[in-house]
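# Structure at a glance
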Amino acid sequence: MIGDGGADWKAYLRRKPQVVKCRIRQGIPNCLRGLVWQLISGSRNLVLLNQGVYEKLHSLECSSSEFEIMRDISRTFPSHVFYQQMHGPGQRSLYNVLRAYSIYDRKVGYVQGMGFLAGVLLLYMSEEDAFWLLVALLKGVAHAPMEGLYLAGLPLLQQSFFQFERLVHERLPKLGSHFDQEAIYPSMYASQWFITAFSCSFPFSLSLRIWDVLLFEGITIIFKVGLALLKYCHNDLVQLPFEKLVYALRNFPEDVMRPKILLPVAYSIKISTRLEELRHEYCSTKNMQPQVQHSSLNTKERGPVKRPFKKLVNFKRPGFLKLRCS
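Computed from a predicted structure; not experimentally measured.

Calculation notes
Residues numbered from 1 in each chain as written. Predicted model: local features only at pLDDT ≥ 70, side-chain atom pairs only at ≥ 80, totals over all residues. Heavy atoms only, no water. Core = buried A, V, L, I, M, F, W, Y, C linked by side-chain atoms within 4.5 Å. Buried < 20%, exposed > 50% of the residue type's maximum accessible area, 1.4 Å probe, protein only. Contact = heavy atoms within 4.5 Å. Helix = DSSP H or I, 4+ residues; strand = E, 2+ residues; numbered from the N terminus. 1 Å grid on protein atoms, 1.4 Å probe; cavity = no way out; pocket = protein on both sides within 12 Å on 5 of 7 lines; lining within 4 Å. Points joined across faces, edges and corners; volume = space filled by probe spheres on them. Nonpolar A, V, L, I, M, F, W, Y, C, P; charged D, E, K, R; others polar. Patch = residues over 30% accessible without salt bridge, like charges linked within 9 Å, V, L, I, M, F, W, Y side chains within 5 Å. Areas by Shrake-Rupley, 256 points an atom, 1.4 Å probe, with all protein chains shown as cover. Salt bridge = Lys/Arg side-chain N within 4 Å of Asp/Glu carboxyl O. Lys, Arg positive; Asp, Glu negative; His and termini not counted. Charge placed at Lys NZ, Arg CZ, Asp CG, Glu CD.

By size, the foremost hydrophobic cluster in this structure holds 108 residues, and its most contacted members are W37, F131, Y189, W193, F194 and L230. Once residues lying within four places of it in the same chain are set aside, the contact partners of F131 are Y54, L57, V97, A100, Y101 and Y104.

What follows is the structure, given as structure tokens:
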């Protein structure tokens, strides 16, 4: 499929898109993951089109977010051997990528949680490649931009909570009613899911498989996996009172965390059309224009992002999350 250094990728993808989709859902071989992630995300082109930009970001100016980045470095994958050593190569690379992005994109800057995205990428590629893949994710090279998860007011996160809550009531009505009765909202359990794309406190064997699909199919997989988790644990969750319910939603049983168990359930959930309908519904309630879902990208900034005039969740930036990670 890939060819020599990715030379055959575009041609193969045009000929057999469903074969590629099926193969990626089965899991990208670990030895090829870094290369394939760059190909399916569009970041490979960004690297080629922006030679020398990453180095200039380090040399031209300082970042106003340096203190926040340094504070959070040791909290990012604290049990992973690559990031355990204080000021070791892993932590230095993570700092470099996050600092560069905070300079590159002043609108987003740095927000706690972004470190987990960069941290996953650095396990499979160089600093420069990880930086441009982070740009591709947040700016929306191949799919809907994810930068709204980190902008002031967290507009995409609020929209995602709205969509997810409605999907729970539609797909799992008994559980949705129980959540209403116990005053349980997505902001209480799903923030990590969206902010870190399941990379925080989830087993790497599962989160990497989710990332394979995320980079190829977009953020829809986060909704699917979230619904699959609730569906799998449905019968237990509907019996729990508030305190135990909050704990259970943050500590799912080990058996459901196995890719072979959870992911087939997630793949069987068809929600793309409904997500788009809910996106338009959310935007209409906030007097917003629905944002373009795909965009090409160069080194120039896109225009200002429209944000809801009324907050659903009173988060603050930076450091608004208390992330618990394994």
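Back to the write-up after that little detour.
Once that is clear, we can look at the side chain of Q163. Here Q163 lies in helix α11 (residues 155–171). When near neighbours in sequence (up to four residues on either side) are disregarded, Q163 contacts F223, L275, L278 and R279.

On inspection of all chains with the given rule, the structure shows two cavities of 30 Å³ or more. Considering only enclosed or pocket space, the largest cavity measures out at about 120 Å³ in volume. For the lining of the largest cavity, the elements supplying multiple residues, two or more each, are α10 (127–139) and α14 (204–217). Among the residues making up the lining of the largest cavity, the classes are represented as nine nonpolar, four polar and no charged. The calculated volume of the second largest cavity comes to roughly 40 Å³. Lining the second largest cavity are E165, V168, H169, G176, F179, D180, I184, Y185, P186 and Y189. Of all the elements in the fold, those that place two or more residues in the lining of the second largest cavity are α11 and α12 (173–181).

Let us now look at the environment of L151. You can see L151 is positioned in the loop between α10 and α11. Between the C-alpha atoms of L151 and V111, which are 40 residues apart in sequence, the distance is 8.5 Å.

Across the nine residues that make up helix α3 (residues 33–41), a large majority, eight, are buried. Every buried residue of α3 is accounted for by R33, G34, V36, W37, Q38, L39, I40 and S41. Of the surrounding elements, those touching the buried residues of α3 are α1 (9–15), α2 (17–26), α4 (43–49), α9 (114–122), α10 and α14. Directly beyond the C-terminal end of α3, a positive phi value near 85° is found at G42.

Moving on, we come to a positive patch on the surface. Together, K10, R14, R15 and K16 make up a region of like positive charge exposed at the surface. Exposure remark for K16: the relative accessible area of 39% places this residue in the partly exposed category.

Next up on the list: the environment of L154. Looking at where L154 falls in the secondary structure, it is placed in the loop between α10 and α11. Note on L154: relative accessible area 3%, which makes it buried. Distance from L154 to I195, taken between C-alpha atoms, is 10.0 Å for residues 41 residues apart in sequence.

Turning to the pattern of salt bridges, a few remarks are in order. Where charged atoms of side chains with opposite charge meet at close range, the side chains can pair. Scanning all chains against the criterion turns up 11 salt bridges. Across the salt bridge formed by E217 and R25, the nearest N and O atoms sit 2.9 Å from each other. Taken as a pair, E217 in helix α14 and R25 in helix α2 lie far apart in primary sequence, 192 residues in all. Of the charged contacts, one joins D72 and R71 as a salt bridge, the two residues approaching to 3.1 Å between their closest N and O atoms.

The next subject is unusual backbone geometry. The phi torsion at F198 lies on the positive side, around 65°, for a residue other than glycine. Within the element layout of this structure, F198 appears in the loop between α13 (191–195) and α14. Of note in this structure, S201 is not a glycine but carries a positive phi near 70°. Along the chain, the position of S201 falls in the loop between α13 and α14. Residue S201 is classed as partly exposed on the basis of its relative accessible area, which comes to 26%.

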